[in-house]
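Here is what each chain is made of, one letter per residue.
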Amino acid sequence: MESFIYMDHAATVPTRPEVVEKMLPCFTEQFANISSTYTIAQRDKATVQKARETIAEVLNASADEIYFTSGGSEADNWALKGVAESYAAKGRHVIVSAIEHHAVLHTAEYLEKHGYEVTYLPVDENGIVRMEELKNSIRPDTILISVMFANNEIGTIQPIEEIGKLAHEHGVLFHTDAVQAFGQVPIDVRQMHIDLLSASGHKLAGPKGIGLLYVRKGIRLANLIHGGGQERGRRAGTENVPGIVGFAEAVRLAAETMGERAERMSELRDYFMDRLLAEIPYVRANGDRKRRLPGNVNVSIQFVEGESLLIMLDRKGVCASSGSACTSGSLDPSHVLLAIGLPHEIAHGSLRFSLGEDNTKEQVDFVVDSLKEIVQRLRSMSPLYEDFISEQKKANA
């Protein structure tokens, strides 16, 4: 086997060589500050504009609706805080799903401390928003609905077009955190009635430190970062030209290969999940089996701790996760798994494998075989498992 097997692409993805190659001249030759007036700065400004157009085309947006940020977290913060401030006179009620990334949830908590009301919308056992509950949550003073396109932990894809349509029927703005979905599944902001969309470069083999917020024309949005007049006066700070160029190249490449990648990764994902469920007792799959990201595998393994599994997998050279990389240091169970109804003891035994285009069937087989061995070893030391098996034997006697 290789020195390590990387199956944590939802956390980050290695930057593609083609992307790095595209970025390199921006550090040494196309290095100008594009706010300057001289010729080379204007040349580099045109490069940034071309990158903006490339990304906009993939989203079916206009180039002047794309605003570059430092990443998905900034874009989420800007969407929620910007709408809240700009539309406070209309209302101070915001709806977010209970399984959002913490960049949205913590921003929602911030708004609550500043006089806004937030409804945390529950989801079903697969992590999908119930449309009737969403409809009933909308009030005359609701100004924004924020529901992520696809969940970063369990991979569930939301009915985005339906949500957007419902929001617009009630005169409410709709934001979606598409950090996990952008480049993995088709997104059309016009067709899906999306007003604001967040995305990040490093999730689709681009560089870290660059992201975007799509803002539909005509939407008022208070600035999050103040200073200069960059990004058409809406987001201060010298533009990250290498990051922007790399982001655009990563988007272009992802769009070109999306269909082929999705098909292959979905097959590998299903093979992976089928083996885990068939060969390790007391394992459950989390998230919708059909409406999910192509490379997402999330399972809960009873009678073992997820952190112990990760440590032992790491010793075998396997990189995986117990949930979001942004909360991997937390001892609390995943808020996503609790929201879909898992009890604490089962949620604690969860693993997320997120596949990339370089992962192979041979790697999946190695991981499953390793996991079978690890689970058996950990359960052999578990009094809970021993008691459970004893009870099972009594019940079947």
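Relevant structure appears above.
Thresholds applied
- Residues numbered from 1 in each chain as written.
- Predicted model: local features only at pLDDT ≥ 70, side-chain atom pairs only at ≥ 80, totals over all residues.
- Heavy atoms only, no water.
- Helix = DSSP H or I, 4+ residues; strand = E, 2+ residues; numbered from the N terminus.
- Rg over C-alpha atoms; globule rule 2.2 N^0.38 Å.
- Buried < 20%, exposed > 50% of the residue type's maximum accessible area, 1.4 Å probe, protein only.
- Contact = heavy atoms within 4.5 Å.
- Areas by Shrake-Rupley, 256 points an atom, 1.4 Å probe, with all protein chains shown as cover.
- Axes fitted to C-alpha atoms, helices over the stretch in contact; angles between N-to-C directions.
- Parallel < 35°, antiparallel > 145°, perpendicular 65-115°, else oblique.
- Left-handed = near helix turned anticlockwise from the far one by under 90°.
- Nonpolar A, V, L, I, M, F, W, Y, C, P; charged D, E, K, R; others polar.
- Salt bridge = Lys/Arg side-chain N within 4 Å of Asp/Glu carboxyl O.

Draft legend 1. Spotlight on the overall build of the chain. Scanning the chain from terminus to terminus reveals 14 helices and 12 strands. Over its C-alpha atoms the chain spans a radius of gyration of 22 Å, differing by no more than 12% from the 21 Å that the globule rule assigns to 397 residues. Out of the 397 residues belonging to the chain, those deemed buried represent 55%. When contacts within the chain are restricted to residue pairs at least 6 apart in sequence, those whose partners lie at least 24 apart make up 73%. Total accessible area computed for the chain in this model is approximately 17,200 Å², and 52% of it derives from carbon and sulfur atoms.

Draft legend 2. Region of interest: unusual backbone geometry. A positive phi angle, close to 60°, is found at Asn60, a residue other than glycine. By the element assignment, Asn60 lies in the loop between helix 3 (39-59) and strand 2 (66-69). Judged by its relative accessible area of 35%, Asn60 falls in the partly exposed class. Of note in the backbone geometry, Glu231 takes a positive phi value of approximately 50° without being a glycine. If you trace the backbone, Glu231 turns up in helix 8 (residues 230-233). Residue classification places Glu231 among the buried positions, given a relative accessible area of 5%.

Draft legend 3. Local environment of the packing of helix 10 (residues 306-315) against helix 13 (residues 361-380). It is at 10 Å that the axes of helix 10 and helix 13 come closest, and there the two elements cross at 130°. What the angle tells us is that helix 10 and helix 13 run oblique. Crossing handedness for the pair helix 10 and helix 13: right-handed. Here helix 10 contributes Ser308, Leu309, Met312 and Leu313 to the contact with helix 13, which in turn contributes Leu371, Ile374, Val375, Arg377 and Leu378. Classifying every residue of the contact of helix 10 with helix 13 gives seven nonpolar, one polar and one charged.

Draft legend 4. Up close: the pattern of salt bridges. In total, this model carries 23 salt bridges according to the counting rule given. Across the salt bridge formed by Lys361 and Asp365, the nearest N and O atoms sit 3.8 Å from each other. Of this pair, Lys361 and Asp365 are both found in helix 13, four residues apart, which corresponds to roughly one turn of the helix. Given the relative accessible area of 18%, Asp365 is considered buried.

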